[in-house]
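The lines below spell out each chain.
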Amino acid sequence: PGPDMEIYYCAEIDPLGRVLDYSCRYPSKMDYSWDFSTLHVLSGLCDGGYTVAFKVSKKELESLGVDLSSGFYMGIFRADFRPDGSVNWYSYVSSEDESPNFHQPKMLFPVKVE
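Residues numbered from 1 in each chain as written. Predicted model: local features only at pLDDT ≥ 70, side-chain atom pairs only at ≥ 80, totals over all residues. Heavy atoms only, no water.

Explain the overall build of the protein to me, please; I cannot follow it from the model alone.
When helices and strands are tallied, the protein shows one helix and nine strands. For the protein, whose C-alpha radius of gyration is 15 Å, the value lies close to the compact-globule estimate of 13 Å for 114 residues. With respect to the principal axes defined by its C-alpha atoms, the protein has extents near 40 × 30 × 30 Å. Roughly 8,100 Å² of accessible area belongs to the protein as shown, and the carbon and sulfur atoms make up 52% of that amount. The averaged location of the 17 negative side-chain charges in the protein is 4 Å from the averaged location of its 10 positive side-chain charges. (Helix = DSSP H or I, 4+ residues; strand = E, 2+ residues; numbered from the N terminus. Rg over C-alpha atoms; globule rule 2.2 N^0.38 Å. Areas by Shrake-Rupley, 256 points an atom, 1.4 Å probe, with all protein chains shown as cover. Lys, Arg positive; Asp, Glu negative; His and termini not counted. Charge placed at Lys NZ, Arg CZ, Asp CG, Glu CD.)

Next comes the structure, spelled out in structure tokens:
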């Protein structure tokens, strides 16, 4: 909910719709026993790529401390795993880090729902 990442929530979703969701406390203290209760995923493979879409209820987000009207912080990331074992990493926020670490405040951006 906030830029300090005191606590935050993650959903990693692959093209087949498999989900790893968890809560986390900065720096990178994951709680894999936690899950979104209202997460719904649509995904699929298509020519030349894939599509992933998901939704979580507003009520659940608000119960987690996400203030939809005043704004909150989020990150969007993507990893494409290649047959040769390499990975192409993408992020909505650019980083000059040599090794990707998306679990840090500088990778977030502010969002406001209108």
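I'm lost on the pattern of salt bridges in this one. Help?
Side-chain pairs of opposite charge can arise where the charged atoms are in close proximity. Taken as a whole and assessed by the stated rule, the structure comprises two salt bridges. The partner of Arg78 in a salt bridge is Asp80, with the nearest N and O atoms 3.0 Å apart. (Salt bridge = Lys/Arg side-chain N within 4 Å of Asp/Glu carboxyl O.)

Help me understand the packing of aromatic side chains in this model?
A ring pair, where both rings are aromatic, is described by two values, the distance of the centres and the angle of the planes. This model, assessed by the stated rule, comprises seven aromatic pairs. For the ring pair Tyr22 and Tyr32, a centre distance of 5.1 Å and an interplane angle of 55° mean the geometry is tilted. Of this pair, Tyr22 sits in strand β2 (residues 19–25) while Tyr32 sits in the loop between β3 (29–31) and β4 (40–46), and the two are 10 residues apart along the sequence. On the basis of relative accessibility, which here comes to 1%, the residue Tyr22 falls in the buried class. Pairwise contacts between aromatic rings join Phe77, Phe81, Trp89 and Phe102 into one cluster. (Phe/Tyr/Trp six-rings, centres within 6.5 Å; stacked < 30°, edge-to-face > 60°. Buried < 20%, exposed > 50% of the residue type's maximum accessible area, 1.4 Å probe, protein only.)

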